[in-house]
Amino acid sequence: MKPYNVVINFESGTLDPGKRIIRKVSDVKNMFYDTQAAEELIQKGDPMVYEVIYADVPEEQGHLGHCTTIIYPGKIGNEYFLTKGHYHEKLSTAEIYFCLRGQGRLIMESTDGDCEVLEMFPGSASYIPPNWSHRTMNVGKELLVFYCIFPADAGHDYATIEEQGYPKLVVEIDGKVTVIDNPKRKN
Ligand code: 6PG
Ligand code: NI
């Protein structure tokens, strides 16, 4: 293949040319604490929670995958709109999230059971080391847009997070972004 450019719009988060994946509430309902509130939102039109736009890169060792993620503002119950969250199938692969717009949080858990939450804001570049799962939330009132770079053969393991969730939830309490223990977390 030959070198090539894509163009990223920092306002809208589009990456062009790119392959767009859309996640609605119905696609991510199991990830939220308040599944009842998620069901109600699905009945009310099943709004979009986030989009990912991937550059076309071979999913092979040596290549770097890259994409933008756009998370819409919103909540389910008092929990902010979030991504599914995943470990990389190839656990030894790291990733960088560079925030272009909005206000977010990045929650990560390591295979050793450590949990960390980082702030995302325009200009923040978060390093996700190997062996750490990752999920993002939009805690602001506008779009959250960030750019991701990762080894193209990293892959996604969604099942672990879907099953156990994270030890912490990021919720709004009295208008403030608050991190609380996840009452549903087993172990
Ligand atoms: C990746 C990145 C990133 C992520 C999106 C959506 O490994 O591809 O971490 O592009 O996929 O931000 O998050 P989910 O994949 O968890 O839905
Ligand atoms: Ni990832």
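My aim in this report is to walk through the structure given alongside it, one point at a time. Computed from a predicted model, the values in this text were never measured in an experiment.

## Side note on the side chain of R185
Looking at where R185 falls in the secondary structure, it is placed in the segment after β15 (176-181). A polar contact is formed between the side chain of R185 and the backbone oxygen of G165, at a distance of 3.0 Å. Not counting chain neighbours up to four residues away, the residues in contact with R185 comprise E109, Q164, G165, Y166 and P167.

## Considerations on the coordination of the nickel ion (ligand 2)
The coordination sphere of the nickel ion (ligand 2), as far as protein atoms go, consists of H86 (NE2), H88 (NE2), E95 (OE) and H134 (NE2), spread over 2.1 to 2.2 Å. Here the nickel ion (ligand 2) is ringed by six donor atoms whose angles at the metal span 74 to 171°, and the overall shape comes out octahedral.

## Brief notes about the sheet that holds strand β9 (residues 104-110)
Overall, antiparallel pairing links the three strands, which are arranged β10-β9-β12 in an open sheet. Edge positions in the sheet fall to β10 (115-120) and β12 (132-138), since each of these pairs with one other strand and no more. Strand-to-strand twist across the sheet, computed as the mean angle between neighbouring axes with direction ignored, equals 20°. Pairing analysis gives seven bridges linking β9 to β12, with the strands arranged antiparallel. The residue bridging L106 from the neighbouring strand is T136, located in β12.

## Comments concerning the pairing of strand β4 (residues 48-54)
Taken across its seven residues, β4 has five buried, putting it largely inside the fold. Two strands pair when backbone bridges link them, and strand β3 (residues 19-24) and β4 are joined in this way by six bridges, in the antiparallel orientation. Directly across from K24, in β4, lies its bridge partner M48.

## Here's the deal with the environment of I161
With respect to the helices, strands and loops of the structure, I161 is situated in helix α3 (residues 159-164). Through-space distance from the C-alpha of I161 to that of R135 is 9.3 Å; in sequence the pair is 26 residues apart. Beyond its immediate chain neighbours, meaning those up to four positions away, I161 contacts K84, G85, H86, Y87, S133, R135 and Y166.

## Concerning the packing of aromatic side chains
Applying the stated criterion across every chain, the model contains two aromatic pairs. Ring centres of Y97 and F146 lie 4.7 Å apart, and the angle between their planes is 40°; this geometry places the pair in the tilted category. On the criterion of sequence distance, the pair formed by Y97 in strand β8 (residues 95-101) and F146 in strand β13 (residues 144-151) is long-range, its members being 49 residues apart. In terms of burial, Y97 and F146 fall into one category: buried. Its end group placed over the ring of Y158, K84 keeps NZ or CZ at 4.9 Å from the ring centre. We note K184 situated over the ring of Y33; from NZ or CZ to the ring centre the distance is 4.9 Å.

## Brief notes about the nonpolar core
Among the nonpolar cores identified, the biggest contains 34 residues, and I76, Y97, M137 and F146 are the most heavily contacted of them. Elements represented by at least two residues in this core include exactly α1 (25-28), α2 (35-43), β4, β5 (64-71), β8, β9, β12 and β13. Per-element tally for this core: the top contributor is β13, with four residues. Apart from the residues lying within four places of it in its own chain, the contact partners of I76 are V25, F32, D34, A37, A38, L41 and F81. Counting eleven residues, the second largest nonpolar core, distinct from the first, contains I70, L100, L143 and Y147.

Rules used in this analysis
Residues numbered from 1 in each chain as written. Chains lettered and ligands numbered in written order. Predicted model: local features only at pLDDT ≥ 70, side-chain atom pairs only at ≥ 80, totals over all residues. Heavy atoms only, no water. Helix = DSSP H or I, 4+ residues; strand = E, 2+ residues; numbered from the N terminus. Polar contact = N/O pair within 3.5 Å; in protein donor to acceptor, adjacent residues only side chain to side chain. Contact = heavy atoms within 4.5 Å. Donors = N, O, S within 2.8 Å, 3.2 Å for Na, K, Ca; no water. Tetrahedral: all angles 85-135°; square planar, octahedral: opposite > 155°, others 65-115°. Pairing = 2+ DSSP bridges. Axes fitted to C-alpha atoms, helices over the stretch in contact; angles between N-to-C directions. Buried < 20%, exposed > 50% of the residue type's maximum accessible area, 1.4 Å probe, protein only. Phe/Tyr/Trp six-rings, centres within 6.5 Å; stacked < 30°, edge-to-face > 60°. Lys NZ or Arg CZ within 6 Å of the ring centre and 35° of its normal. Core = buried A, V, L, I, M, F, W, Y, C linked by side-chain atoms within 4.5 Å.

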